[in-house]
Amino acid sequence: MTAKFSLSEKNRTRLWLIYFAVLFFWGLNACFYLGKTYAKGEMFAYEIDKHPYVSDFINSYSAGVLCSRCLKDRDNPPDIYNSKVQADLQNELIAPIKPENPFYNQYPPVMFLFFLPLSLLSMGQAWIAYCVFAFLLNAALLYYLVLPAYKTVQEKVFLITAIFSSYPFWFAFRLGQPALLLMPIVLVFFHCLKSGNMLLAGLASSLVLLKLQYLPVVVAIGFGAGRLRYLAGFTGGALVLMLLSGLAVGFKNLVNYPLALFSGEAGRSTTGVAPEMMQNLRGCLVLLSGQDSRAIHITAVAVCLTTALALFIIWFQYTRKKDQSKEPDKFNLLSAASLLTMLITSVHTHIQDYVLAVRAFEMTYQASRSHKTFLTYLALFFPLISWPLAMLLQFIQIAKIQPLAIYALIAVIALILEMKKRKAAKETAPSA
């Protein structure tokens, strides 16, 4: 006979306590590190071996400043997508450090509008204000939209700790990244889909214009689930955002954006894209081939659009059923698989964008915690494993592996298998 290994209740409690303590104190230490980096004046630009490194927050803050200048000179606003205009402002902000190549900002005009309030502060004050605002916004929405699904105080505290102590969240704060705003948008979007408020889901998803690479999949999910009501909300929200952006930066800059996006994504004279570091299909192909070729661009776009179409069909079929409210686990599993697939197949996905993976794994845990499957442990493990995977990225890439993308792919496969397993069990239940 073989003995079945099991833990006593006390040992399970001890393991939970150890896991919580590691996450909590590691996250706290990471916050202290940010404070020390800020105090040393190395938060936004620094040099290692005489090579300059520039934080993404330079682009966020510069966007607000350029938007402010556009408002002050409405008759002749600056060309916000001119690489020289951007480079001159960046050099002014981070002097005496000078980037080897311009750190190009290829975000849509909506982003310039969103970060306009930061121009009222110095760059250091703006980073603090943005991080505090993003933390409070994320925490508030998690409290109202996510925590009610968990019964005990211990579960709620653990969840918040696991989310904010994950590497993608810490890294997004380190960079002052717009990804910190993407998380609340996605939280509201899926909450509205679940509650059946399709008009509000459309309005919320129009804010994904901030991160344009995720718009095709989000719109496909929303349109598949909400049909015309969703489309009306999205269209109205998008038109208002584009109108406000055009009024803020000038309609000439609005019209020039598509060309700016292409030149920034495919150009070689600027930095900020770094396809070899992307945690998605494109990053995997670049790593394997050694170049970011036109063929890879076409492949990435084709896969992204195919994914959007597939998810539209899946969500269309899912919402045709009348008993959706009786299957909250299925909604969470499908939402998690959709988010992770979106990250893998997007044309532009970096580590900080994996804040959405943190949300996906929370939904995975919520749907599988009572079953204690492989998925449960995959979700629990992500906040911890995200640190070594990201910090050892350059060494792992020697083996031609994009670790977060592979982890997400394994999770998607496991999610699909779990959904098929539950469907089969449900179909055979009556006969059993």
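A quick note: this is a predicted structure, and the numbers were derived from the prediction, not measured.

Caption draft 1: Local environment of the pattern of salt bridges. Following the criterion strictly, the structure yields nine salt bridges and no others. One salt bridge in this structure joins R369 and E155, with 3.0 Å as the shortest N-O distance. Placement of R369 in the loop between α15 (355-368) and α16 (374-391) and of E155 in helix α6 (residues 153-164) is noted, with a sequence separation of 214 residues between them. Here R359 ties to E362 by a salt bridge, and the two come within 2.3 Å at their closest N and O atoms.

Caption draft 2: Region of interest: the packing of aromatic side chains. Tallied over the full model, the rule gives 35 aromatic pairs. Here Y19 and F158 contribute two aromatic rings whose centre-to-centre distance is 5.6 Å and whose plane-to-plane angle is 40°, an arrangement assigned as tilted. Of this pair, Y19 sits in helix α1 (residues 9-39) while F158 sits in helix α6, placing them 139 residues apart in sequence. Residue Y19 shares its accessibility class with F158, and that shared class is buried. By the ring-pair criterion, three or more aromatic residues cluster together here, those being F189, F190, Y230, F234, W315, Y318 and F331.

Caption draft 3: Focus on unusual backbone geometry. For the bond running from A95 to P96, omega is 10°, close enough to zero to count as cis. Its identity is not glycine, yet R227 carries a phi of approximately 55°, on the positive side. Mapping R227 onto the fold places it in helix α10 (residues 215-249). Look at R227 and you get partly exposed, because its relative accessible area is 26%.

Caption draft 4: Summary view of the environment of T161. Among the structural elements, T161 can be located in helix α6. With 138 residues separating them along the chain, T161 and L23 place their C-alpha atoms 6.8 Å apart. Sequence-distant contacts of T161, defined by excluding residues within four places in its chain, comprise F20, L23 and F24. Within polar-contact distance, the side chain of T161 engages the backbone oxygen of V157 at 2.8 Å.

Caption draft 5: Structural context of the packing of helix α12 (residues 281-289) against helix α13 (residues 294-318). Closest axis-to-axis distance for the α12/α13 pair is 10 Å, and the angle between their directions is 155°. Taken together, α12 and α13 sit at an angle that is classed as roughly antiparallel. When the axes of α12 and α13 are compared, the crossing they make is right-handed. For the pair formed by α12 and α13, the contact residues are L281, R282, L285, V286 and S289 on the first element and I296, H297, T299, A300 and V303 on the second.

Caption draft 6: Here's a closer look at the packing of helix α5 (residues 123-146) against helix α8 (residues 179-195). With their axes 9 Å apart at the nearest point, α5 and α8 run at an angle of 20° to one another. Here α5 is positioned roughly parallel relative to α8, judged by the angle of their axes. Between α5 and α8 lies a crossing whose hand is left-handed. Seen from α5, the contacting residues are Y130, F133, A134, L137, N138, L141, L142, L145 and V146; seen from α8, they are L180, L181, M183, P184, L187, V188 and H191. Within the contact of α5 with α8, the residues separate by chemical class into 14 nonpolar, two polar and no charged.

Caption draft 7: Seen up close, the nonpolar core. Ranked by internal contacts, the top residues of the largest apolar core, which has 129 residues, are L193, W315 and L340. With 13 residues, α10 is the largest single contributor of residues to this core. Ignoring any residue separated from it by four or fewer positions in sequence, one finds L193 in contact with M198, A201, I221, G222, A225, W315 and F331.

Parameters and conventions
Residues numbered from 1 in each chain as written. Predicted model: local features only at pLDDT ≥ 70, side-chain atom pairs only at ≥ 80, totals over all residues. Heavy atoms only, no water. Salt bridge = Lys/Arg side-chain N within 4 Å of Asp/Glu carboxyl O. Helix = DSSP H or I, 4+ residues; strand = E, 2+ residues; numbered from the N terminus. Phe/Tyr/Trp six-rings, centres within 6.5 Å; stacked < 30°, edge-to-face > 60°. Buried < 20%, exposed > 50% of the residue type's maximum accessible area, 1.4 Å probe, protein only. Contact = heavy atoms within 4.5 Å. Polar contact = N/O pair within 3.5 Å; in protein donor to acceptor, adjacent residues only side chain to side chain. Axes fitted to C-alpha atoms, helices over the stretch in contact; angles between N-to-C directions. Parallel < 35°, antiparallel > 145°, perpendicular 65-115°, else oblique. Left-handed = near helix turned anticlockwise from the far one by under 90°. Nonpolar A, V, L, I, M, F, W, Y, C, P; charged D, E, K, R; others polar. Core = buried A, V, L, I, M, F, W, Y, C linked by side-chain atoms within 4.5 Å.

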